[in-house]
Amino acid sequence: MEDEERNATEEERRLLEKLVVPSGLCATCEHLRLLASRRSVFVRCGLAAVDPRFPKYPPLPVRECGGYRPQR
């Protein structure tokens with residue numbers, strides 16, 4: 001897990017726009033990780049790697065999350 005605060009990159013913002021279902025809180029969370037194939041974009045929670053309480057691929061849209069931290 002990265003300790004640095006991070007902002008969504010231009011590429012991440014572009015990929016988020018491709019989602020069929022809005023990601024909710026994940027779109028602005030510092031733990032956001034995106035995986036993309038030619039046809040799909042998947043929202044992944046970076047906290048899932050270190051804390052089993054968080055699903056690796058949360059059901060969207062995420063409206064509440066105990067691990068949410070806004071990007072700075």
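Along each chain, residue indices are assigned from 1 in the same order as the chain's sequence is written. Local features are withheld for residues below a pLDDT of 70 in this predicted model, meaning they are given only at 70 or higher, and side-chain atom pairs are given and counted only at 80 or more; totals for whole chains, interfaces and linings count all residues. Each side-chain value is worked out from all heavy atoms of the structure, with water and hydrogens disregarded.

Colleague: Tell me about the pairing of strand β2 (residues 41-45), and please be specific about residues and values.
Modeller: Where burial is concerned, the two faces of β2 differ: the one with Val41, Val43 and Cys45 is buried and the one with Phe42 and Arg44 is not. By the convention used here, strands pair only if DSSP detects at least 2 bridges between them. Strands here mean DSSP runs of E at least two residues long; helices mean DSSP runs of H or I at least four residues long; both are numbered from the N terminus. Here strand β1 (residues 32-36) folds back onto β2 in antiparallel fashion, the turn holding four residues. A simple rule labels every residue: compare its accessible area, found with a 1.4 Å probe on the protein chains alone, to the largest value its type can have, and call it buried under 20%, exposed over 50%, or partly exposed in between.

Colleague: Tell me about the environment of valine 50, residues and numbers included.
Modeller: Its place among the elements puts valine 50 in the segment after β2. Judged by relative accessible area, valine 50 falls into the exposed class, the value being 51%. In sequence terms valine 50 and arginine 38 are 12 residues apart; their C-alpha atoms lie 28 Å from each other.

Colleague: So what's going on with the nonpolar core? Which residues, and what values?
Modeller: Core analysis: the largest hydrophobic core is formed by nine residues, namely Leu15, Leu16, Leu19, Cys26, Leu32, Leu34, Val41, Val43 and Val62. Any two residues whose heavy atoms approach within 4.5 Å are treated as being in contact. In this structure leucine 16 touches Ser23, Ala27, Leu32 and Leu34, once residues within four positions along its chain are discounted. Nonpolar cores are built from buried Ala, Val, Leu, Ile, Met, Phe, Trp, Tyr and Cys residues. Side-chain atoms within 4.5 Å join them into one set.

Colleague: Which residues make up a nonpolar patch on the surface, and what values do they have?
Modeller: Nonpolar side chains (Val, Leu, Ile, Met, Phe, Trp, Tyr) are joined into patches within 5 Å and like charges within 9 Å, using only residues with over 30% relative accessible area and no salt bridge. Surface accessibility in these figures is a Shrake-Rupley result with a 1.4 Å probe; residues are shielded only by whichever protein chains are displayed. Salt bridges are defined as contacts in which a side-chain nitrogen from Lys or Arg sits within 4 Å of a carboxyl oxygen from Asp or Glu. A surface patch of nonpolar side chains, about 280 Å² in accessible area, is lined by Leu35, Phe42 and Tyr57. Residue placement: leucine 35 occurs in strand β1. Taking the relative accessible area as the measure of exposure, leucine 35 reaches 36% and is therefore partly exposed.

Colleague: I'd like a description of the side chain of aspartate 51, backed by residues and values.
Modeller: The topology assignment puts aspartate 51 in the segment after β2. A residue is classified by how much of its surface remains accessible, and aspartate 51, at 16% relative accessible area, is buried. Looking at aspartate 51, its side chain comes within polar contact range of the side chain of arginine 53, at 2.6 Å. Polar contacts here mean pairs of N or O atoms no more than 3.5 Å apart (in protein, one a potential hydrogen donor and the other a potential acceptor; neighbouring residues in sequence count only if both atoms are side-chain atoms).

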